[in-house]
Amino acid sequence: MDVKESLAAALAPLCGVDADALNEWFEVPKNPEMGDLAFPCFRLAKTLRKAPPLIAASLKEQLTLPAGIAKAEAVGGYLNFFIDAASQAGSVLTEVLSKGDSFGKSEIGRGKTVCVEYSSINIAKPFGFHHLPSTAIGNALYRIYKALGYNTVGINHLGDWGTQFGKMITAYRLWGDKPIDDYSIRELVALYVRFHEEAEKDPSLNDMARAWFRKIEAGDPEALELWSKMKDGTIREVKRTYRRMGVDFDSWAGESFYEDKMPAIIAELREKGVSKLDQGAEIVDLSEWNMPPCIIVKSDGSTIYATRDIAAACYRKEHYDFAKSLYVVAYQQDLHFRQFFKVLELMGKEWVKDCVHVNFGMVSMEDGSFSTRSGNILYLDDILDAAVEKTLAIIQEKSPDLEEKQSAAEAVGVGAILWSVLYNNRIKDVSFSWDKILNFDGETAPYVQYTHARCCSVLRKTDGFDYSAPDASLLCDPYSRTLLKAIEAFPAAVVSAAEKYEPYVVSRALMNIASAFNKFYYEQRIMADDPAVKAARLALTDATRQVLKNGLNLLGIQAPERM
Ligand code: ARG
């Protein structure tokens, strides 16, 4: 039970209100000198038929202060409480240091499954900069839900089906000059571009492409082999990029996976009278909801993106029995999601209420470097490489003696990129500049990572000094208290991030901790002469190190010990 809960329990019988309800009433006074928690008595005025200041005064009279509360003061209509700083410091330190890597974790999701679909790149297409938000946000949500005890399923819904694969095979058979396995994504993209150029001059290429796609659909061995080798090659290549970003998936079931699950869905839509024929196509009319129709089967008999999403949603429900199914996909697809969610609802799938389109804004570079205009595409790997290279230059200047410069630069450069889409409300468009994201003194991943490394460095220099039994009453100065409060807020931030599908709640919490630590570091001598003070400050440094490491880990960002 935390102090707020014990206060609520002590107040409940005096107020005639349930303790759980009271727990939600507390406010935090704007001015910390007024106390740490404020209880608004005007909410009781009606039932107790008394003026709020009188209620505050009489509650103060009657209440026996629970442990952890130093004093209470009635001010106007509020009863303000002052938390006993020493016992708060003690409980925060014990909590963090005893839980270690588990601090921030919980079991609230036990027994529930959450599907998180993210990244969802397209085969034989660039793994581009525009995939960054989905990949980073989805990975963070995946890790956050896992930390909360949910059974999590990370899904990469690969774009691995469609007529473009007929074009790829046509191009490869005409101009390919080595085994298809040896093609990098960039080379496959070049083949694709060439196909479009040549098809302008010779439209018959398009007929060949259609024929090849039909062969893939019909299971022709040569067509299938080329298709699957292209797919394997792309996956092999993107896995390297994912590894750099701490990203992994439990399932790579892409669009093609649902091909054989489509007929049942189409039949169900017909039987339930949800779909109808319209000029040779099968559609679901959504005009009643002010949306264009959702096309299920085109007039040429082929299914489309939406059909596969309907099949995928049903499959995930059946196979994983999710409590929640998240789709981390750009807001450009808002309409698509509203359409197929509505179709699922019309099919009577009441669980569609648990499907959430976790949308996000666009990313771009402020200074226009890496411009896409000249036709070159922004590959995510190139951005990561550039970030690492620039970071290496900074590290070479800041820490010339560091041995593991390259691995630190990799951790920090990639971290900076991930953080750029994890530090704001996800729907906001982000435009970043190198100066901003690599600023070691700004609100950046490098700043948080640097603070973590600073904690590690302080702790390395203790020469075996034992700080395992700190006297927390020595941490009541304002700098220590602000830091302790920031650390204490971390577990609730993890829960709130999951509830809102917003990793920034975690990154902001980390930022608060890091900046509070740096103020503490500059204002208080950690290696104080008094061994008891030194032990308490080292324990607080260790707790800071631990929580920063845990938080960065939830965001998929590394926490190097030296940088
Ligand atoms: N592959 C698609 C794209 O790159 C994104 C897929 C989104 N997920 C989904 N279930 N529709 O645009």
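## Topic: the overall build of the chain
- The number of helices and strands found in the chain is 21 helices and 12 strands.
- Counting only C-alpha atoms and orienting by the principal axes, one finds that the chain spans roughly 90 × 65 × 40 Å.
- Pairs at least 24 residues apart make up 72% of the contacts formed inside the chain by residues separated by at least 6 positions.
- Total accessible area on the chain is roughly 25,700 Å²; 50% of this is exposed by carbon and sulfur atoms.

## What to know about the pattern of salt bridges
- Summed over all chains, the structure comprises 31 salt bridges.
- Between Lys342 and Glu345 there is a salt bridge whose closest N-O contact spans 3.4 Å. Of this pair, Lys342 and Glu345 both sit in helix α13 (residues 334–346), 3 residues apart, which is roughly one turn of the helix.
- Overall, the relative accessible area of 14% leaves Lys342 in the buried class.

## Digging into a positive patch on the surface
- A contiguous patch of positive charge, built from Arg236, Lys239, Arg240 and Arg243, is present on the exposed surface.
- Locating Arg236 in the fold gives a position in helix α10 (residues 221–244).
- The exposure class of Arg236 is partly exposed, given its relative accessible area of 47%.

## Side note on the site of the ligand
- Every residue lining the ligand is accounted for by Glu117, Ser120, Asn122, His131, His157, Tyr305, Asp309, Tyr327, Val329, Gln333 and His336.
- Interatomic distance of 2.7 Å between a side-chain N/O atom of Tyr305 and a nitrogen atom of the ligand.
- Here an oxygen atom of the ligand sits 3.3 Å away from a polar atom, N or O, in the side chain of Gln333.
- In isolation the ligand exposes 350 Å². Once the protein is present, 85% of that is buried.

## Here we look at the sheet that holds strand β10 (residues 355–358)
- The parallel open sheet is built from 4 strands, whose spatial order is β5-β4-β9-β10. A strand with exactly one partner marks an edge of an open sheet, and here the two such strands are β5 (151–155) and β10. In this sheet, adjacent strand axes meet at a mean angle of 20° when their direction is disregarded.
- Against the sheet, helix α6 (residues 132–147) engages β4 (113–117), β5, β9 (324–328) and β10, with an angle of about 155° to β9.
- With respect to the sheet, α13 is in contact with β9 and β10, its orientation differing from that of β10 by roughly 175°.

## Here we look at the environment of Ala409
- Summarising the element assignment, Ala409 is placed in helix α15 (residues 405–420).
- Taking the C-alpha atoms as reference points, Ala409 and Glu350, 59 residues apart in sequence, are found 48 Å from one another.

## Topic: the side chain of Lys167
- Relative to the helices and strands, Lys167 resides in helix α7 (residues 164–175).
- The charged side chain of Lys167 is buried without a salt bridge, its nearest counter-charge being Glu200 at 10 Å.
- Not counting chain neighbours up to four residues away, the residues in contact with Lys167 comprise Tyr192, Phe195, His196, Asn206 and Ala209.

## Observations concerning the nonpolar core
- Core analysis: the biggest nonpolar cluster contains 135 residues, and Trp419, Trp434 and Ile487 have the highest contact counts within it.
- If we ignore the near neighbours within four places in the chain, the residues touching Trp419 are Glu443, Thr444, Ala445, Val448, Ser507, Leu510, Met511, Leu552, Leu555 and Ile557.
- Val153, Ala253, Val297 and Tyr327 belong to the second largest nonpolar core, which has 35 residues in total.

## Examining the packing of α7 against α10
- Two elements in contact, α7 and α10, have axes separated by 10 Å at closest approach and are oriented at 100°. By the angle between their axes, α7 is roughly perpendicular relative to α10. Here Phe165, Met168, Ile169, Tyr172 and Arg173 of α7 lie close against α10, whose contacting residues are Glu222, Ala223, Leu226, Trp227 and Met230.
- Classifying every residue of the contact of α7 with α10 by side-chain character gives 8 nonpolar, no polar and 2 charged.

## Considering unusual backbone geometry
- Notably, Arg49 is not glycine yet its phi reads approximately 50°, a positive angle.
- Among the structural elements, Arg49 can be located in the loop between α3 (45–48) and α4 (52–62).
- Residue Ser119 is not a glycine yet carries a positive backbone phi of 75°.
- Structurally, the position occupied by Ser119 is in the loop between β4 and α6.

## Some thoughts on the side chain of Thr462
- In this fold, Thr462 is placed in the loop between α17 (445–460) and α18 (478–488).
- Beyond its immediate chain neighbours, meaning those up to four positions away, Thr462 contacts Met527 and Leu538.

## Some words on the sheet that holds strand β1 (residues 37–40)
- Within the open sheet, the 3 strands sit side by side as β1-β3-β2. Their pairing is antiparallel. Of all strands in the sheet, those with a lone pairing partner are β1 and β2 (69–75), marking the two edges. Taking the axes of each pair of neighbouring strands and ignoring which way they run, one obtains an average angle of 20° across the sheet.
- Bridge count between β1 and strand β3 (residues 78–83): 4 bridges; the pairing is antiparallel. Paired with Ala38 across the two strands is Asn80, which belongs to β3.
- The strands touched by helix α1 (residues 3–15) within the sheet are β1, β2 and β3, with β1 carrying the most contacts at an inclination of about 25°.
- Of the strands in this sheet, β1, β2 and β3 are in contact with α4, which crosses β2 at around 155°.

## Remarks on the packing of aromatic side chains
- What the rule picks out here adds up to 31 aromatic pairs.
- Relative to Trp351, the ring of Phe322 lies with its centre 5.7 Å away and its plane at 85°, an arrangement referred to as edge-to-face. Residue Phe322 is located in the loop between α12 (305–320) and β9, and its partner Trp351 is located in the loop between α13 and β10; the two are separated by 29 residues in the primary sequence. Trp351 shares its class with Phe322; the two are buried.
- A centroid spacing of 5.3 Å and a plane angle of 50° characterise the contact between Phe337 and Phe340, whose relative ring orientation is tilted. Here Phe337 and its partner Phe340 are both found in helix α13, 3 residues apart, which amounts to about one turn of the helix.
- Note that Lys215 overlies the ring of Trp212, its terminal NZ or CZ placed 4.2 Å from the centroid.
- When the ring centre of Phe257 is taken as origin, the NZ or CZ atom of Lys261, which lies over that ring, is 4.0 Å away.

## Describing the environment of Ser251
- By the element assignment, Ser251 lies in the loop between α10 and α11 (262–271).
- Look at Ser251 and you get buried, because its relative accessible area is 11%.
- The spacing of Ser251 and His157 is 94 residues in sequence and 8.2 Å in space, taken between C-alpha atoms.
- Excluding residues within four positions of it along the chain, Ser251 makes contact with Gly154, Ile155, Asn156 and Tyr320.

Parameters at a glance
- The residue numbering used here restarts from 1 in each chain and proceeds along that chain's sequence as written.
- Note on the predicted model: pLDDT of at least 70 is required for a residue's local features to be given, and 80 or more for side-chain atom pairs to be given and counted; whole-chain, interface and lining totals, by contrast, use all residues.
- Just so you know, side-chain values use all the structure's heavy atoms and leave hydrogens and water out.
- Strands here mean DSSP runs of E at least two residues long; helices mean DSSP runs of H or I at least four residues long; both are numbered from the N terminus.
- Contacts are assigned to residue pairs that have any heavy atoms within 4.5 Å of one another.
- Each accessible area value is a Shrake-Rupley result obtained with a 1.4 Å probe; residue values ignore everything except the protein chains displayed when judging cover.
- Whenever Lys or Arg places a side-chain nitrogen within 4 Å of a carboxyl oxygen from Asp or Glu, that contact is recorded as a salt bridge.
- Think of it in three bands: with a 1.4 Å probe and only protein chains considered, a residue is buried below 20% of the maximum accessible area for its type, exposed above 50%, and partly exposed in between.
- Like charges are joined within 9 Å and nonpolar side chains (Val, Leu, Ile, Met, Phe, Trp, Tyr) within 5 Å, but only among residues with over 30% relative accessible area and no salt bridge; these make up the patches.
- Charged residues are defined narrowly, with Lys and Arg counted positive, Asp and Glu counted negative, and His plus the chain ends left uncounted.
- Positions of charges follow a simple convention, taking NZ of Lys, CZ of Arg, CG of Asp or CD of Glu.
- Any residue with a heavy atom positioned within 4 Å of a molecule or strand is treated as near that molecule or strand.
- Polar contacts, as used here, are pairs of N or O atoms within 3.5 Å; protein pairs need one atom able to donate a hydrogen and one able to accept it. Residues neighboring in sequence count only if both atoms are side-chain atoms.
- One requirement defines pairing of two strands: DSSP has to find at least two bridges between them.
- Axes here refer to lines fitted to C-alpha atoms; in helices the fit is confined to the stretch in contact. Angles between the N-to-C directions go from 0 to 180 degrees.
- To define a nonpolar core, start from buried Ala, Val, Leu, Ile, Met, Phe, Trp, Tyr and Cys residues and group those joined through side-chain atoms within 4.5 Å.
- When an angle is under 35 degrees it counts as roughly parallel; over 145 it counts as roughly antiparallel; between 65 and 115 it counts as roughly perpendicular; any other value is oblique.
- Polar here means any residue outside two lists: the nonpolar Ala, Val, Leu, Ile, Met, Phe, Trp, Tyr, Cys and Pro, and the charged Asp, Glu, Lys and Arg; Gly therefore counts as polar.
- Here the aromatic set is Phe, Tyr and Trp, taking the six-membered ring for Trp, and pairing holds for ring centres within 6.5 Å; pairs whose planes are under 30 degrees apart are stacked, those over 60 apart are edge-to-face, and all others are tilted.
- Only when the NZ of Lys or the CZ of Arg is both within 6 Å of the ring centre and within 35 degrees of the ring normal is a charge said to sit over the ring.

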